[in-house]
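Notes for the structure review
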Amino acid sequence: MALQDDLNRLQKQLGNFLFPRKCPFCGTVTGGRLLCGSCERTLPYTGENALRQGTFGRCASPLYYTGPVREAILRFKFQGHTGGLDCFGRLLADCAARWYSGEFDTVTWVPVSRKRLRQRGFDQSRMLAASLCVDWHVAPVETLRKAVDNPAQSGLTDAEHRRANVLGVYEALPENVRDKRLLLIDDIVTTGSTLTECVRGLREAGADDRRLHRPGNHLPPDHQPAAGGRGRRRGVPDAGPHQGGALIKGSAACGETPPVWKCRKRRTIAPGLVCGGM
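Because the structure is predicted, anything quoted here is derived from the model rather than measured. (Residues numbered from 1 in each chain as written. Predicted model: local features only at pLDDT ≥ 70, side-chain atom pairs only at ≥ 80, totals over all residues. Heavy atoms only, no water.)

1. Some words on the overall build of the chain
The line we're drawing: Secondary structure elements are taken from DSSP: a helix is a run of H or I of four residues or more, a strand is a run of E of two residues or more, and numbering for both begins at the N terminus. Exposed residues in this analysis have more than 50% of their type's maximum accessible area, buried residues have under 20%, and partly exposed residues fall in between, with area computed by a 1.4 Å probe over protein chains only. Should any heavy atoms of two residues lie within 4.5 Å, those residues are counted as being in contact. Only the protein chains shown count as cover for residues, and the accessible areas themselves come from Shrake-Rupley with a 1.4 Å probe.
When you go through the chain residue by residue, the secondary structure sums to nine helices and seven strands. Relative to its 278 residues, the chain shows a buried fraction of 53%. When contacts within the chain are restricted to residue pairs at least 6 apart in sequence, long-range pairs at least 24 apart make up 81% of them. Accessible surface, the chain as shown: approximately 13,000 Å² in total, 51% of it carbon and sulfur.

In structure tokens, the structure reads:
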């Protein structure tokens, strides 16, 4: 075991030398940290405004979807830049640990359609959910499938059109849902139409609707948070052996589920970092 640990450490050091870690928000080489000191101080954290109430229940996100956060999410989602996943997962886990501790036993995600998966090559919310779960030593569970390849929500601005666009497009998997307390992960939240439709399907499939949570991202279009207004009480530590560190001690598998977060006003939040509950 000691030899294997030494080999793993050597492999990690070699990887960091050949492919130095970069901040997902500005591209600065970070020397092994998940993000650079400048972005850690100045990112648009949601702070005490992380929680938001809607027809879907509660959702929360650590960041507003603006500036470098928006650019990082778009690079990840549409250009396949996955180098920031461990950072996004850490932010999500920290946020969920703060606001939803003990309120869920299963982590899941809002899926893309099969057609979109073939085109893009990956499901961004599934990857975010998996990154969030790394240090809880659990795996996210598939509870939804997207049966209809509807037009992208990003191309619609009217709330009514966004709601109509997602009606009936998701199918729940009852065998993975019944009586579960779910933490639902998505990448971006704006009007909440997608979350509302997913929650409806999960409820009908038997999810414990007293404790149904959705994580994602949201940001206030008319609000620019002050620089340095971060919502975390601690800095982002060096990346651990799982490229994410261990901010959350509990594990959904052993019943010590991590905490959750909230958001009061409409905001647009960032990368897979929104959690919600009813």
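2. Here we look at the confidence of the model for the chain
Counted only if it meets this: Predictor confidence is given residue by residue as pLDDT, running from a minimum of 0 to a maximum of 100.
Of all residues in the chain, 68% have pLDDT values of 70 or greater, and the mean over the chain is 74. Ignoring residues within four places in sequence, the model shows residues 219–278, a span with pLDDT below 50, making 270 contacts including any to other chains.

3. Structural notes on the packing of helix α7 (residues 159–166) against helix α9 (residues 193–204)
Put simply, the test is: For helices, the fitted line uses only the C-alpha atoms of the stretch in contact; every axis is such a line through C-alpha atoms, and the angle between N-to-C directions lies from 0 to 180 degrees. By the definition used in this description, the sense in which the near helix is turned from the far one sets the handedness, with an anticlockwise turn below a right angle giving left-handed and a clockwise turn giving right-handed. The classification used treats Ala, Val, Leu, Ile, Met, Phe, Trp, Tyr, Cys and Pro as nonpolar, Asp, Glu, Lys and Arg as charged, and all other residues, Gly among them, as polar.
The N-to-C vectors of α7 and α9 enclose an angle of 35 degrees; their axes lie 9 Å apart at closest approach. Considering the relative orientation of α7 and α9, their crossing is right-handed. Taking contact as the criterion, the partners of Ala159, Arg162, Arg163 and Val166 in α7 are, on α9, Ser193, Thr194 and Glu197. For the contact of α7 with α9, the residue count by class is two nonpolar, two polar and three charged.

4. What about the packing of aromatic side chains?
As a reminder, the rule being used: Two aromatic rings from Phe, Tyr or Trp, using only the six-membered ring of Trp, form a pair when their centres are within 6.5 Å; if the ring planes differ by under 30 degrees the pair is stacked, by over 60 it is edge-to-face, and anything between is tilted.
In the structure shown here, the tally under the stated rule is four aromatic pairs. An aromatic cluster is present here, built from Phe25, Phe76, Phe88 and Phe122 joined pairwise through their rings.

5. Thoughts on the pairing of strand β1 (residues 51–54)
Rules: We call two strands paired when DSSP finds no fewer than two bridges between them.
In terms of strand pairing, β1 meets strand β2 (residues 57–60) through four bridges, oriented antiparallel. Residue pairing for β2: Gly54 is matched across the bridge by Gly57.

6. Some words on the nonpolar core
Counted only if it meets this: Put simply, buried Ala, Val, Leu, Ile, Met, Phe, Trp, Tyr and Cys residues joined by side-chain atoms within 4.5 Å make one nonpolar core.
Core analysis: the largest hydrophobic core is formed by 40 residues, its most contacted members being Phe25, Leu35, Leu43, Val107, Leu132 and Ile185. Listing elements by their share of this core, those giving two or more residues are α3 (67–79), α4 (85–99), β3 (106–109), α6 (124–133) and β6 (182–185). Looking at this core element by element, the count peaks at nine residues for α4.

7. A short note on the pattern of salt bridges
Note the following rule: We define a salt bridge as a contact between a side-chain nitrogen of Lys or Arg and a carboxyl oxygen of Asp or Glu at a distance within 4 Å.
Per the counting criterion, the structure on display carries 13 salt bridges. Across the pair Asp105 and Arg181 runs a salt bridge whose closest N-O atoms are separated by 3.6 Å. You can see Asp105 sitting in the loop between α4 and β3 and its partner Arg181 sitting in the loop between α8 (174–177) and β6, a full 76 residues away along the chain. One salt bridge in this structure joins Lys115 and Asp149, with 3.9 Å as the shortest N-O distance. Highlighted residues: Lys115 in helix α5 (residues 114–120) and Asp149 in the loop between β4 (144–146) and α7, separated in sequence by 34 residues. Looking at Lys115, the relative accessible area reads 42%, which means it is partly exposed.

8. Focus: α6
Judged by how many residues are buried, α6 sits mostly within the fold: seven of ten residues are covered. Along α6, the residues classified as buried are Gln124, Ser125, Leu128, Ala129, Ser131, Leu132 and Cys133. Of the surrounding secondary structure, the elements contacted by the buried residues of α6 are α3, α4, β3, α5 and β6.

9. Topic: the layout of surface pockets
Leftover empty space is mapped by rolling, across the atoms, a probe with the size of a water molecule. Rules: Buried and open spaces are told apart on a 1 Å grid over the protein atoms alone, a cavity being a set of points where a 1.4 Å probe fits but cannot get out and a pocket being an open set with protein on both sides within 12 Å along at least five of seven lines. Residues with an atom within 4 Å of a point are the lining residues. Grid points are joined across faces, edges and corners, and a volume is the space filled by probe spheres set on the points.
In this structure, the largest pocket encloses a volume near 800 Å³. Along its surface, the largest pocket is lined by 40 residues, and Lys77, Gln153, Ser154, Arg162 and Ile188 are the ones closest to its centre. For the lining of the largest pocket, the secondary structure elements donating two or more residues are α3, α5, α6, α7 and α9. The leading source of residues in the lining of the largest pocket is α3, at four residues.

10. So, the pairing of β3
The two faces of β3 match: Thr106 and Thr108 on one face and Val107 and Trp109 on the other face are all buried. Here β3 runs beside β6; their pairing, made up of four bridges, is parallel. Each bridged residue has a counterpart across the sheet, and for Thr106 the counterpart in β6 is Leu182.

11. Structural notes on α4
So the rule is basically this: By definition here, a helix of n residues has an expected span of 1.5 Å times n minus one.
Relative to the 21 Å expected for 15 residues at 1.5 Å per residue, α4 spans 21 Å between its end C-alpha atoms, a close match to the ideal helical length. With 14 of its 15 residues buried, α4 lies for the most part within the structure.

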